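# Geometric and topological summary
Each chain, written out:
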Amino acid sequence: MQAAMDALFSVATAALLLRWAHVVFGIIWMGHLYFFNLVNVPFQGGLDKELKPKVNPALLLRAFWWFRWAAMYTFIFGWLLFFWHYLGPEHLIGSPDGGMSGRAMWILYGALLGSIMWFNVWFVIWPRQKLILGGMASGSPHPDAPKLAATAGKASRFNTYASGPLLFAMLGAPHFSIMSGPVLLVVTVIGVGFWFGMIKRSFKVKTTV
């Protein structure tokens, strides 16, 4: 019994829970990001103007709550994992010459992209959407709503494109022994290109049964 309890509260279990939390909140974050760009953007384009104040505040304020807090926890747990596994004295994974391993460099690349995306969520997208949706809910639309929406939309679209190479880096880290310029370029182009195609496709999805 004691051995089981020791195993349950071991360092390895703590690392597993940290990774689990990072992945779960990352799924929630990315899921909402893709919902906004693949579903909501085409939907808003066809939504009658008089319906938007009735539909959007109730739907989108709830969605943005999950979106921004999932981004926050993904960001926090992700950097904790990076420091734990790649910079901590007990878990440092380095190359033979003492530098950072290829795996660590790929994770760092993904983490930097994720940090830019997190910044966009909290300091570009949400502040503007808060003004837009707040004005809509109160019945007094913000006078700069179109401009605010355009800026938020560009940041959201950037995040969607960046999520492609980010996921390649995170998932491919165990499979890439080194980080080289050509491989990094290919990963980035494929990741961005995939989401470029998906966004284009989102406007062509039929809405009939």
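All figures in this text were calculated on a predicted structure; none of them were measured in a lab. (Residues numbered from 1 in each chain as written. Predicted model: local features only at pLDDT ≥ 70, side-chain atom pairs only at ≥ 80, totals over all residues. Heavy atoms only, no water.)

## Here's the deal with the overall build of the protein
Keep this limit in mind: Helix and strand definitions here come from DSSP, where helices need a minimum of 4 consecutive H or I residues and strands a minimum of 2 consecutive E residues; each element is numbered from the N-terminal end. Per-residue accessibility, obtained with a 1.4 Å probe over protein chains only, is compared with the maximum for each type, and a residue is labelled buried under 20%, exposed over 50%, and partly exposed between these values. Any two residues having at least one pair of non-hydrogen atoms within 4.5 Å are treated as being in contact. Here the open area of atoms and residues is found with the Shrake-Rupley method and a 1.4 Å probe, where only the protein chains shown may cover a residue.
Helix and strand content of the protein: six helices and zero strands. In sequence order, the secondary structure elements of the protein are arranged as α-α-α-α-α-α. Scored against the burial criterion, the 209 residues of the protein give a buried share of 37%. Put simply, of all contacts in the protein between residues at least 6 apart along the chain, 78% involve residues at least 24 apart. Counting only carbon and sulfur atoms, one obtains 72% of the accessible surface of the protein, whose full area is about 12,500 Å².

## Section: the packing of aromatic side chains
Put simply, the rule reads: In summary, the pairing rule links any two rings of Phe, Tyr or Trp, Trp by its six-membered ring, whose centres are within 6.5 Å, and it sorts them by plane angle into stacked for under 30 degrees, edge-to-face for over 60 and tilted for everything else.
For the structure shown, the criterion picks out 21 aromatic pairs. Each ring, one from Y34 and one from W195, has its centre 4.0 Å from the other, and the planes form 20°; the classification is stacked. With a gap of 161 residues between them, Y34 in helix α2 (residues 11–45) and W195 in helix α6 (residues 181–202) connect regions that are remote in the sequence. There is no split in this pair, since Y34 and W195 are both buried. A centroid spacing of 5.6 Å and a plane angle of 80° characterise the contact between W79 and F82, whose relative ring orientation is edge-to-face.

## Details of the layout of surface pockets
If you roll a probe as big as a water molecule over the atoms, it shows you where there is empty space left. To keep things clear, this is the line we draw: Buriedness for pockets is judged along seven lines, at least five of which must meet protein on both sides within 12 Å for an open set on the 1 Å grid over protein atoms alone, while cavities are sets there where a 1.4 Å probe fits but cannot get out, and lining residues have an atom within 4 Å of a point. Grid points are joined across faces, edges and corners, and a volume is the space filled by probe spheres set on the points. Only Asp, Glu, Lys and Arg are considered charged in this grouping, and only Ala, Val, Leu, Ile, Met, Phe, Trp, Tyr, Cys and Pro are considered nonpolar; every other residue, Gly among them, is considered polar.
Here the largest pocket defines a volume of roughly 820 Å³. Taken together, 31 residues line the largest pocket, and the ones lying closest to its centre are Q44, N56, Q129, I132 and A149. Listing elements by their share of the lining of the largest pocket, those giving two or more residues are α2, α3 (52–87), α4 (102–138) and α5 (145–172). Here the lining of the largest pocket takes nine residues from α5, the largest share from any one element. Here the lining of the largest pocket is built from residues that sort into 17 nonpolar, 10 polar and four charged.

## Comments concerning the packing of α2 against α6
Inclusion rule: Geometry is summarised by axes, namely lines fitted to C-alpha atoms with helices restricted to the contacting stretch, and by angles between N-to-C directions that run from 0 to 180 degrees. Geometric relationships in this document are graded by angle, where less than 35 degrees denotes roughly parallel, more than 145 denotes roughly antiparallel, 65 to 115 denotes roughly perpendicular, and other angles denote oblique. A crossing counts as left-handed when the near helix is turned anticlockwise from the far one by less than a right angle, and as right-handed when that turn is clockwise.
The N-to-C vectors of α2 and α6 enclose an angle of 25°; their axes lie 9 Å apart at closest approach. Classed by the angle they form, the pair α2 and α6 counts as roughly parallel. Considering the relative orientation of α2 and α6, their crossing is right-handed. Between α2 and α6, the residues in contact are Y34, N37, L38 and P42 and W195, M198, I199 and S202, respectively. Class assignment for the residues of the contact of α2 with α6 results in six nonpolar, two polar and no charged.

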